[in-house]
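Chain and residue survey
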Amino acid sequence: EPAVLLLDEPLGALDLALRRAMQRELKAIQRRLGTTFVHVTHDQEEAMAIADMVVVMNAGRIADAGPPERVYLRPASRFAASFMGEINLLPARPLPERAGQRMLETPLGPVPAPVDAGTLPPRGLIGIRPEHLSLVGQDEAPGTPGPVTLPAIVRESAFFGTHHRAVVDPQPAGPPLVAHLPQRADPRPGERLLLAFDPADAVILPEEEMP
């Protein structure tokens, strides 16, 4: 009856189906026993699936810690944002307000700042998760398209079962972005798309990591 039980990558060698089943089993055991489990893993999905609190470590230091949903959607650092899953990171700096709306200058053009962004750094990053880029005007697009629209040309695409992972080139300019598009979208290289994202889904991060 230990006070704390350390599990060091216990599911790393299992195939996907068995790993998912064992994730549910471990979570059920922990709930039943009430013992604190420290579960070490390099699988971000596994961490979010079973943890009450996620701690992201970088070179022996805590880069972020909190509930899985908060760490994924509102990461506290650039490292945590990138480690917890794919994310598009773009340089951003504050612009003068427009009609009371705080704006950011980005390679995609002016973008409204998330309302919960707090104090905007003079130089920072705006992070957009691939699943938050949706197709405009298609019923299959996840969620409701936000106010920021983005013409883009597909560079490459791969089918992942639950979605298409597309790398797109924003038009007329901007760095390549990754978008997770619906199963039925079938994006092809060279195809022109109109994407959209809601600024409320974006996150503002410092450009440089704290020492």
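See the structure printed just above.
This section reports on the structure supplied with the text. (Residues numbered from 1 in each chain as written. Predicted model: local features only at pLDDT ≥ 70, side-chain atom pairs only at ≥ 80, totals over all residues. Heavy atoms only, no water.)

**Brief notes about the pattern of salt bridges**
Following the criterion strictly, the structure yields eight salt bridges and no others. Notably, a salt bridge pairs Asp-64 with Arg-70, separated by 2.8 Å at the nearest N-O pair. In this structure Arg-70 comes out as partly exposed when scored by relative accessible area, which is 30%. (Salt bridge = Lys/Arg side-chain N within 4 Å of Asp/Glu carboxyl O. Buried < 20%, exposed > 50% of the residue type's maximum accessible area, 1.4 Å probe, protein only.)

**Section: the nonpolar core**
Core analysis: the biggest nonpolar cluster contains 25 residues, and Leu-104, Ile-126, Val-168, Leu-181 and Leu-195 have the highest contact counts within it. Taken together, the elements giving at least two residues each to this core come down to β5 (88-98), β8 (124-128), β10 (148-159), β11 (164-170), β12 (177-181) and β13 (192-197). The element that contributes the greatest number of residues to this core is β10, accounting for four residues. Once you skip the residues sitting within four places of it in the chain, Leu-104 turns out to touch Ala-92, Arg-93, Pro-94, Leu-95, Gly-109, Pro-110, Val-111, Ala-113, Leu-120, Ile-126 and Ile-204. Grouped together as the second largest cluster of nonpolar side chains are eight residues, Ala-47, Val-54, Val-71 and Tyr-72 included. (Core = buried A, V, L, I, M, F, W, Y, C linked by side-chain atoms within 4.5 Å. Helix = DSSP H or I, 4+ residues; strand = E, 2+ residues; numbered from the N terminus. Contact = heavy atoms within 4.5 Å.)

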